[in-house]
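# Architecture and fold: a report
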Amino acid sequence: MSFPTVRMRRLRRTEALRTMLNQIQIQPSNLIYPIFVDETITDPVPITTMPGYFRHPLKQVIDEGKTALEQGIKSVLLFGIPAEKDEIGKGAYAKNGIVQKAASKLKAQFKDELVIIGDVCLCEYTSHGHCGIIKEGEVQNDETLELLGKTAVSQAEAGVDIVAPSAMMDGQIFTIREFLDDSGFEQTPILAYSAKYASAFYGPFREAAESTPKFGNRKSYQMNQGNVQEALREIELDINEGADMIMVKPALAYLDIISLAKASFDVPVVAYNVSGEYSMVKAAALNGWIDEKTVINEILTGIKRAGADMIITYHAKDVKTWLK
Ligand code: PBG
């Protein structure tokens, strides 16, 4: 059957019909709100590369948690900017590290009402800005694992509900699962940044978190943009090592990977709508070139339609102002 018996426009005629037939709807409870907590400041500092986004002092994290909950957001992702950095990223696993302090404040205030996710990586804490220990100019895999394990445990001790390793070291999920279980945190889930591509879309974040590598780049550990099978292999390995949820990152240039991940595996799929994706929208909107609110809905709907169950997005912070 075809035209004129078939008329696709029949079901698009009125707003009510269109709403009735709509399949994908963004829900605030599926969005994750990233928070930058900076040990060196006492007032919020605007992040110039991410218009509308701030680094927050420790004393403000409760307000951030409240804002999130008021908007229907259930979860925050913590990033720390420490006062001091060193060769081996001690601040990442310090008992009184900035993320640990932020997590314990949030946990004390909100109990289990808010899901606290900790990004487990060393790059914000190392003087060289790489995600692992450096020897002879190379990021050492196995020596880094122990530090990631310690970071995960110290975050869990501080009140983090879910640990999210993003260093892209081989065996990091296995090691972190073992460290957590040995410390009595067998109930703490791992959200694995499994398919994390080496991407220029992280540029604005690196200003926000002061984590730009001082030499070289992250291509020896983050994935090559041109590859597909490798992403599925990374995800499969992480699931075998004990990942409870997996992530594809960035989102927009990798919608095919999100889609494949969803079709291939039975675990929840998280997509990271990264800093560069946020900043492009903001820049165009500030110039009056696009309708910001409609574009945010369209982008997040697209990421969800591709197969993401949850989306980490900087747009989460004011979801009430743009959600249709
Ligand atoms: C830490 C980390 C990064 C991001 C999340 N966790 C930076 C990087 O890998 O360089 C990027 C997030 C974003 O761009 O929004 N490794």
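Described below are features of the structure shown in this document.

Cut-off values and rules
Residues numbered from 1 in each chain as written. Predicted model: local features only at pLDDT ≥ 70, side-chain atom pairs only at ≥ 80, totals over all residues. Heavy atoms only, no water. Helix = DSSP H or I, 4+ residues; strand = E, 2+ residues; numbered from the N terminus. Contact = heavy atoms within 4.5 Å. Expected span 1.5 Å × (residues − 1). Buried < 20%, exposed > 50% of the residue type's maximum accessible area, 1.4 Å probe, protein only. Near = heavy atom within 4 Å. Polar contact = N/O pair within 3.5 Å; in protein donor to acceptor, adjacent residues only side chain to side chain. Areas by Shrake-Rupley, 256 points an atom, 1.4 Å probe, with all protein chains shown as cover. Nonpolar A, V, L, I, M, F, W, Y, C, P; charged D, E, K, R; others polar. Salt bridge = Lys/Arg side-chain N within 4 Å of Asp/Glu carboxyl O.

### Looking at the environment of I312
With respect to the secondary-structure elements, I312 resides in strand β12 (residues 310-313). Those residues in contact with I312, other than ones at most four positions away along the chain, are I32, P34, L77, M247, V270, A271, Y272 and N273.

### So, helix α11 (residues 292-306)
Taking 1.5 Å as the rise per residue, α11 with 15 residues should run 21 Å; its terminal C-alpha atoms sit 21 Å apart, in good agreement. Regarding α11, the residues found buried are I296, N297, I299, L300, T301, G302, I303, K304 and A306. Tucked into the core, α11 has its buried residues touching α9 (255-264), β11 (269-273), α10 (275-286), β12 and α12 (319-322). G307 sits one or two residues past α11 and shows a positive phi near 135°.

### Description of unusual backbone geometry
A cis amide bond links F3 to the next residue, P4, at an omega of 10°. Relative to the helices and strands, P4 is located in the segment before α1 (15-21). Here the amide bond leading from K249 into P250 is cis, since omega sits at -10°, within 30 degrees of zero. Positive phi, normally seen in glycine, also occurs at K111, with a value near 50°. With respect to the helices and strands, the residue K111 is situated in the loop between α4 (98-110) and β5 (115-120). Phi angles above zero are rare outside glycine, and M168 is one such case at about 60°.

### A word on the site of the ligand
Lining the immediate surroundings of the ligand are 20 residues, of which K196, R206, K249, S275 and Y314 lie closest. Interatomic distance of 2.9 Å between a side-chain N/O atom of Q222 and an oxygen atom of the ligand. Side-chain polar atom of K249 to a nitrogen atom of the ligand: 3.4 Å apart, as the coordinates give it. In the complex, the protein chains occlude 100% of the 400 Å² of accessible area that the ligand would expose alone. Of the residues that constitute the shell around the ligand, the class distribution is eleven nonpolar, three polar and six charged.

### Brief notes about helix α6 (residues 172-182)
Among the residues making up α6, those that are buried are Q172, I173, T175, I176, R177 and L180. Tucked inside the fold, the buried residues of α6 contact β5, α5 (141-158), β8 (162-165), β9 (191-196) and α8 (229-241). G184, located one to two residues past α6, shows a positive phi value of around 85°.

### Observations regarding the pattern of salt bridges
With the rule as written, the count across this model stands at 14 salt bridges. As a salt-bridge pair, R18 and E15 come within 3.1 Å of each other at their nearest N and O atoms. Within this pair, R18 and its partner E15 are both found in helix α1, separated by three residues, close to a single helical turn. R18 gets classed as partly exposed once you look at its relative accessible area, which sits at 39%. With a shortest N-O distance of 2.9 Å, D161 and K107 are connected by a salt bridge. Here the residue D161 occupies a position in the loop between α5 and β8, and K107 occupies one in helix α4, the gap between them amounting to 54 residues. The class of D161 is partly exposed, set by a relative accessible area of 22%. Owing to a relative accessible area of 17%, K107 belongs among the buried residues under this scheme.

Worth remembering: the numbers are spatial, not functional.
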